[in-house]
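Coordinate analysis (summary)
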Amino acid sequence: MAMSTSVSMSTCICSRKMVGSEKGLLESCKTLRHVKQVHAQILRSKVEQSNSLLLKLILCCCTLPSSSSSPSALHYALSLFTHIPNPDTRFSNQLFRHFSRGPSPESTLRLYRLLRRNGTLLDRFSFPPLLKAVSKLSALNMGLEVHGLASKLGFHDDPFIETALIAMYAACGRIMDARLVFDKMSHRDVVTWNIMIDGYSQSGHYDHVLRLYEEMKGSGMEPDSIILCTVLSACGHAGNLSYGKAIHEFIKDNGFRVDSHLQTALVNMYANCGAMYLAREVYDKLPSKHLVVSTAMLSGYAKIGLVEDARFIFDQIVDKDLVCWSAMISGYAESDQPQEALRLFNEMQRQRIVPDQITMLSVISACAHVGALVKARWIHSYADKNGFGRALPINNALIDMYAKCGNLARAREVFENMPRKNVISWSSMINAFAIHGDADSAIALFHRMKVQNIEPNGVTFIGLLYACSHAGLVDEGQKFFSSMINEHDISPQREHYGCMVDLYCRAKLLRKALELIETMPFPPNVIIWGSLMSACQNHGEVELGEFAAKRLLELEPDHDGALVVLSNIYAKEKRWDDVGLVRKLMRQKGVSKEKACSRIEVNKEVHVFMMADRYHEQSDEIYKKLDAIVSQLKLVGYTPSTSGILVDLEEEEKKEIVLWHSEKLALCYGLISERKESSCIRIVKNLRICEDCHSFMKLVSTVYQIEIVMRDRTRFHHFKGGICSCRDYW
Ligand code: ZN
Ligand code: ZN
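The text that follows walks through the structure, step by step, so that each part is easy to find. These numbers were taken from a predicted model, which means no experiment stands behind them. (Residues numbered from 1 in each chain as written. Chains lettered and ligands numbered in written order. Predicted model: local features only at pLDDT ≥ 70, side-chain atom pairs only at ≥ 80, totals over all residues. Heavy atoms only, no water.)

**Structural notes on the overall build of the protein chain**
As a reminder, the rule being used: Secondary structure elements follow DSSP: runs of H or I of four or more residues count as helices, runs of E of two or more count as strands, with numbering from the N terminus. By definition in these notes, contact holds between two residues if any of their heavy atoms fall within 4.5 Å. Neither His nor the chain ends contribute to the count of charged residues, in which Lys and Arg are positive and Asp and Glu negative. Where a charge sits is defined by one atom per residue type, namely NZ (Lys), CZ (Arg), CG (Asp) or CD (Glu).
When helices and strands are tallied, the protein chain shows 38 helices and 6 strands. Principal axes of the C-alpha set define a box for the protein chain whose edges measure 115 × 60 × 60 Å. Here the contacts in the protein chain between residues at least 6 apart in sequence split such that 63% fall between residues at least 24 apart. Considering the protein chain, the positive charge centre built from 86 side chains and the negative charge centre built from 81 side chains are found 8 Å apart.

Here it is as structure tokens:
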């Protein structure tokens, strides 16, 4: 036998005298191998195998430094245990405790089965560790059996067992059963309350957490700081700020020591409730700002769109983990700063932090938002290389990303190659066709979906109705709307009515739109009045437009869009006095029109242009190109159309302004740049493209023989050979 230096066994334990020293020998065992060596030595020697010797060996296995990391020591202990003829219950309980705390709680259940097979008795102390192991494994059937046995043995009213049963039921997702045990208890201590309250919190029943906490206080039991943490967390999840504040007051009034757990819970609660100024008060007082609490702060800021503050916290965190990076990236992605999200993702790559699915989804959505196709391709291949390629949510997001980046073919490719598709995949693809104005394909895909027996949902119909609305397919839209209700039993939501109103508005059926608004089962919201209002503006229906804008302003007096549209309607009618009144109102309310901007991606760089923007480093060349294009286009009959300019200006000034629209500048930059990737120019604009830019793009596509893909606020325009995919209907 190979001897280890740490267990010197040169002195053989073959004499009775040595038995006293094997305790010391066992204590010096540091690995399972040593224990096995000692065991073998005992077996070979003539030392009588007393139970106590075996017990010591077993305990030695359980307390090995490595037993917390390797379950094999516990297995070995269990196998030794089988050699004990009549084990003492006290001893088996000791083992239960060891096993249930260890890394392999299954050993507890194995021991239990062994004891049951041998008919060995269990006592009241056997149950709590046994139930603890069941909880860890969420092994409900085993738990039910153990509960039955405890009742049979008459231990059903032992408070320790009852408390363990509550924890077990809660852990196995049977919160009602946990509550039954809880309600039957005659004596509950603070631990029992704690476990029941935590059970409700873990299962997402936050209102029950608060109710039970009240009940607990009513029963005269004093909460401890663990319970307070749980209740604070429930307040955060339920968004119950007033209750959370009350708990904070209670903590102050009752002189609780506010340790780091309570501080974190307070920050989390305030952050989850969106009360960042209160969260900040607690946070600023923290002596050391650990990762968890800082991440809570940063997520809180990010969630309410205060990305600057989130970034401030983020930059102060020294050892950033994935959760922290992910929270910051999704903060940017959701706060309309997708480029920052992508930049940060690159930074995260450099720090060699591996993203998870949530981060990937944020990044894909950011990319969709920017509409940068080259980046989109890169992210797609990154996802494939890093093992996300087969995940359903990732693929669904990729469809949406490619569609929004203007590459319908790639969206379709992802869709067709998916190993598995769900209703979201189908709906995303239908929506992709819809925003590209390909209503025929959207409808064809819907029929294919039906053939494959995929039941459409409300989102599917939003895509379909949108497609019909943007292609002017009034009859088809009406048919889909009624089949949704009658065949698919989906009750239309506001969004569906919104699409229908939009469908009528775009087809200039404004009275029909108004009729639908007046008969639908929901009070019309801002968006619905907004569609009618914009349609009236586009079709020059002043009276109805004014009516819609006023209804909208009743719902939301500060609605900037309505004020802008109202002023635009008046401007189109040259009612400059009314325009002045509305403008004054807007100034008073601090409302300003959303600034138009266009983005173009050239050689992996995204460039942003505002109207009449001169910030770009190649600004001079851009304007020179613009002049050249305008002269070229004038040769084929182009004259700037100023009907979309709704301010009181001289005609010549208007002509200048219309030429400086951000999408024209982006286009010129695209044309003067050497584009490595493709011959196609892709532009993303945040607002609706105006009539002049639309005809400008059409002419450029034919005069310069290039393809231009442009995404505006609601849809895509593919300009090629002098025509646009929207058939001038947008
Ligand atoms: Zn324009
Ligand atoms: Zn178009």
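**Digging into the coordination of the zinc ion (ligand 1)**
Applied cut-off: Coordinating donors are taken as N, O and S atoms within 2.8 Å of the metal, stretched to 3.2 Å for Na, K and Ca; because water is absent from the atoms, sites can appear incomplete. Buried, partly exposed and exposed residues are distinguished by accessible area as a fraction of the type maximum, computed with a 1.4 Å probe on protein chains only: under 20%, between the cut-offs, and over 50%, respectively.
Bound to the zinc ion (ligand 1) are the protein donor atoms His661 (ND1), Cys690 (SG) and Cys693 (SG), situated 2.0 to 2.3 Å from the metal. Positions of the donor residues of the zinc ion (ligand 1) along the chain correspond to the pattern H-x28-C-x2-C. With His661 in the loop between helix H36 (651-659) and helix H37 (662-672) and Cys690 in the loop between strand S3 (680-685) and helix H38 (691-703), this pair connects stretches of sequence that are 29 residues apart. Accessibility expressed as a relative area gives 12% for His661, which makes it buried. Classification of Cys690 as buried rests on a relative accessible area of 15%.

**Some remarks on a positive patch on the surface**
Applicable threshold: What makes a patch is a set of residues exposed beyond 30% relative accessible area and free of salt bridges, joined within 9 Å when like-charged and within 5 Å when nonpolar (Val, Leu, Ile, Met, Phe, Trp, Tyr). Accessible surface area values rest on a Shrake-Rupley calculation with a 1.4 Å probe, where residue burial reflects the displayed protein chains alone. One speaks of a salt bridge when a side-chain nitrogen belonging to Lys or Arg is within 4 Å of a carboxyl oxygen belonging to Asp or Glu.
Residues Arg97, Arg101, Lys132 and Lys136 make up a contiguous surface patch of positive charge. Put simply, the parts of the chain that give the positive patch at least two residues each are helix H5 (89-101) and helix H7 (127-137). Among the secondary structure elements, Lys136 is positioned in helix H7. Among the residues examined, Lys136 registers a relative accessible area of 44% and is labelled partly exposed.

**With respect to the nonpolar core**
Spelled out, the test is: Definition of nonpolar core: a set of buried residues of the types Ala, Val, Leu, Ile, Met, Phe, Trp, Tyr and Cys, connected through side-chain atoms within 4.5 Å.
Counting residues in each nonpolar core, the largest one holds 207 residues, and the members touching the most others are Val231 and Leu532. What Val231 contacts, discounting residues up to four positions off in sequence, is Ile197, Val209, Leu210, Tyr213, Tyr243 and Ile247. The next biggest cluster of nonpolar side chains, apart from the first, holds 32 residues, and it includes Ile600, Ile622, Leu671 and Cys693.

**Section: the pattern of salt bridges**
Applying the stated rule across the entire model yields 23 salt bridges. A salt bridge links Lys404 to Asp400; the shortest N-O distance between them is 3.2 Å. You can see Lys404 and its partner Asp400 sitting in helix H23 (residues 392-404), 4 residues apart, about one turn around the helix. A relative accessible area of 29% places Lys404 in the partly exposed class. We classify Asp400 as partly exposed; its relative accessible area is 24%.

**Some remarks on unusual backbone geometry**
The backbone phi angle of Ser138 is positive, close to 50 degrees, even though this residue is not glycine. You will see that Lys508, though not glycine, has its phi angle at about 65 degrees, which is positive. With respect to the element layout, Lys508 can be found in the loop between helix H29 (494-506) and helix H30 (510-519). Under the relative-accessibility criterion, Lys508 is labelled exposed at 52%.

**Brief notes about the packing of aromatic side chains**
The line we're drawing: Put simply, two rings from Phe, Tyr or Trp (the six-membered ring, in Trp's case) pair if the centres are within 6.5 Å, and we call them stacked under 30 degrees between planes, edge-to-face over 60, tilted for the rest.
Summed over the entire model, instances satisfying the criterion amount to 15 aromatic pairs. Plain terms: the ring middles of Phe446 and Phe461 are 5.5 Å apart, the flat faces sit at 65 degrees to each other, and that makes the pair edge-to-face. Note that Phe446 is positioned in helix H26 (residues 439-451) and Phe461 in helix H27 (residues 458-471), a separation of 15 residues in sequence. For Phe461, a relative accessible area of 0% puts it in the buried group. Here the aromatic rings of Phe446 and Phe480 are separated by 5.5 Å at their centres, their planes lie at 90 degrees, and the arrangement is edge-to-face. Note that Phe446 is positioned in helix H26 and Phe480 in helix H28 (residues 474-486), a separation of 34 residues in sequence.

**Some words on the sheet that holds strand S2 (residues 605-610)**
Condition: Paired strands are those between which DSSP finds at least two bridges. For every element, the axis is a line fit to its C-alpha atoms; helices are fit only across the contacting stretch, and the angle between N-to-C directions ranges from 0 to 180 degrees.
With mixed pairing, the 6 strands of this open sheet are ordered in space as S2-S1-S3-S4-S5-S6. Two strands lie at the open edges of the sheet, namely S2 and strand S6 (723-724), each paired on one side alone. Bridge analysis of S3 against strand S4 (residues 707-711) gives 5 bridges, and the strand direction is parallel. Bridge pairing links Ile683 to Met710 in S4. Contacting S4, strand S5 (716-720) and S6, H38 crosses the sheet at an angle of about 35 degrees to S5.

**Structural notes on a nonpolar patch on the surface**
Where nonpolar side chains cluster on the molecular surface, the patch consists of Leu635, Val636 and Val703 and spans about 280 Å² of accessible area. Locating Val636 in the fold gives a position in the loop between helix H35 (619-635) and H36.

**Focus on the environment of Met401**
Along the chain, the position of Met401 falls in helix H23. Taking the C-alpha atoms as reference, Met401 lies 59 Å from His34; in sequence the two are 367 residues apart. Setting aside chain neighbours within four positions, we find Met401 in contact with Ile364, Cys367, Ala368 and Ala376.

**A short note on the side chain of Thr264**
With respect to the helices, strands and loops of the structure, Thr264 is situated in helix H15 (residues 260-272). Of the residues examined, Thr264 reaches a relative accessible area of 10% and is grouped as buried. When near neighbours in sequence (up to four residues on either side) are disregarded, Thr264 contacts His290, Val292 and Val293.

**Quick word on the packing of H26 against H27**
Here is the rule: For classification purposes, an angle smaller than 35 degrees is called roughly parallel, one larger than 145 roughly antiparallel, one from 65 to 115 roughly perpendicular, and anything else oblique. Crossing chirality is assigned from the near helix's rotation relative to the far helix, an anticlockwise turn below a right angle marking it left-handed and a clockwise turn marking it right-handed. Any residue outside Ala, Val, Leu, Ile, Met, Phe, Trp, Tyr, Cys, Pro, Asp, Glu, Lys and Arg is labelled polar, Gly included; the first ten of those are nonpolar and the last four are charged.
Where H26 meets H27, the axes come as close as 9 Å, and the angle between the chain directions of the two elements is 150 degrees. Put simply, H26 runs roughly antiparallel to H27. Taken as a pair, H26 and H27 cross one another with a handedness that is left-handed. When H26 is examined against H27, the residues Ala439, Ala442, Ile443, Phe446 and Met449 are found in contact with a partner set consisting of Thr460, Phe461, Leu464, Ala467, Cys468 and Ala471. The residue makeup of the contact of H26 with H27, split by class, is 10 nonpolar, 1 polar and no charged.

**Details of the pairing of strand S1 (residues 597-602)**
Every regular strand shows the same layout, with side chains that alternate between the two sheet faces. For S1, the buried fraction is high: 6 of the 6 residues fall into the buried class. Side-chain alternation along S1 places Cys597, Arg599 and Glu601 on one buried face and Ser598, Ile600 and Val602 on a second face that is also buried. Both S1 and S2 contribute to a ladder of 6 bridges, which runs antiparallel. When the bridges of S2 are listed, Arg599 appears paired with Val608. In this structure, the hairpin formed by S1 and S2 is closed by a connection of 2 residues, where Asn603 is found at a positive phi of approximately 45 degrees. In this structure, S1 lies alongside S3, joined through 3 bridges in antiparallel fashion. Counterpart to Ser598 in the pairing with S3 is Lys685.

**Considering the packing of helix H13 (residues 225-238) against helix H14 (residues 241-253)**
Where H13 contacts H14, the two axes come as close as 9 Å, and the packing angle between them is 155 degrees. Overall, the two elements H13 and H14 adopt an arrangement that is roughly antiparallel. The two elements H13 and H14 meet at a crossing, and its hand is left-handed. For the pair H13 and H14, contact is made by Leu228, Val231, Leu232 and Cys235 and by Tyr243, Gly244, Ile247, Phe250 and Ile251, respectively.

**Re the environment of Leu298**
Locating Leu298 in the fold gives a position in helix H17 (residues 291-303). With 229 residues separating them in the primary sequence, Leu298 and Ile527 have C-alpha atoms 31 Å apart. Apart from the residues within four sequence positions on either side, Leu298 is in contact with Ala310, Ile313, Phe314, Ile317, Cys324, Ala327 and Met328.

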